[in-house]
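Reading the structure
Now for the letters of each chain:
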Amino acid sequence: MMAQTRPEQDAKYEIHHNYMDLQMDLEGCERVQTARTFLTDEAGFNEQGDIGFGSGETGSVAYLGNGMFALFLAEEPHMPTLS
């Protein structure tokens, strides 16, 4: 997908129960981060789409660039595509 980066205040952590999430920058760059804790927001978890959004306490932060990738495991809260 072609993703636009966004400021952290415009983003939420996401989580998947069944699948891992691979973020790879073919060109450009982004900041990604994980959460130590996770609280699902009021919308709940979408079982069909295997995705939920929420908030949490920031854990690790990484910067990706051309050809770099991050693999987030199932159940690992993460926030990709940050500027």
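The rules behind the values
Each chain has its residues counted from 1, following the order in which its sequence is written. Given that the model is predicted, a residue must reach a pLDDT of at least 70 before its local features are reported, and side-chain atom pairs must reach 80 or more before they are shown or counted; all residues, however, enter totals for whole chains, interfaces and linings. The side-chain figures draw on all heavy atoms in the structure; neither hydrogens nor water molecules are used. Going along the chain from the N terminus, every DSSP run of H or I of four or more residues is numbered as a helix, and every run of E of two or more is numbered as a strand. Computation of the radius of gyration draws on C-alpha atoms alone. For the globule rule, the value is 2.2 Å times the number of residues to the power 0.38. Think of it in three bands: with a 1.4 Å probe and only protein chains considered, a residue is buried below 20% of the maximum accessible area for its type, exposed above 50%, and partly exposed in between. Throughout, a residue-residue contact means that at least one pair of heavy atoms, one from each residue, lies within 4.5 Å. The term salt bridge refers to a pairing of a side-chain nitrogen on Lys or Arg with a carboxyl oxygen on Asp or Glu at a separation within 4 Å. The term nonpolar core refers to a set of buried residues drawn from Ala, Val, Leu, Ile, Met, Phe, Trp, Tyr and Cys, joined through side-chain atoms within 4.5 Å.

The subject of this paragraph is the overall build of the protein chain. Counting secondary structure elements, the protein chain contains zero helices and eight strands. Put simply, the protein chain runs from its N terminus to its C terminus through helices and strands in the order β-β-β-β-β-β-β-β. Taken over C-alpha atoms, the radius of gyration comes to 12 Å for the protein chain, in line with the 12 Å a tight globule of 83 residues would show. Within the protein chain, the proportion of its 83 residues that are buried is 35%. Of the contacts made within the protein chain by residues no fewer than 6 positions apart, 81% connect residues no fewer than 24 positions apart.

To continue, consider the environment of P7. Mapped onto the secondary structure, P7 falls in the segment before strand 1 (13-15). With relative accessibility at 31%, the residue P7 sits in the partly exposed group. Between the C-alpha atom of P7 and that of S83, which follows or precedes it by 76 residues, the distance is 5.4 Å. Excluding its chain neighbours within four sequence positions, the residues that come into contact with P7 are L82 and S83.

Turning next to the pattern of salt bridges. With the rule as written, the count across this model stands at two salt bridges. In this structure, the salt-bridge partner of E8 is R31, at a minimum N-O distance of 3.5 Å. Of this pair, E8 sits in the segment before strand 1 while R31 sits in strand 3 (residues 30-35), placing them 23 residues apart in sequence. One salt bridge connects D41 with K12, and the closest N-O pair in it is separated by 2.9 Å.

For the rest of this paragraph, the subject is the nonpolar core. With five residues, the main nonpolar core is built from A11, Y13, A35, M79 and L82. With near-sequence residues (within four places) excluded, M79 lies in contact with E8, A11, K12, Y13, R31, V32 and Q33.

Positionally, Q48 belongs in the loop between strand 4 (39-46) and strand 5 (51-55). For the pair Q48 and M20, spaced 28 residues apart in sequence, the C-alpha separation works out to 15 Å.

Across residues other than glycine, the phi torsion is negative in most instances, and most of the peptide bonds are trans. With a phi close to 50°, D50 is a non-glycine residue in the positive phi region. You can see D50 is positioned in the loop between strand 4 and strand 5. Among the residues examined, D50 registers a relative accessible area of 5% and is labelled buried. In this model, E75 sits at a positive phi of 75°, which is unusual for a non-glycine residue. Here E75 lies in the loop between strand 7 (69-72) and strand 8 (78-82).

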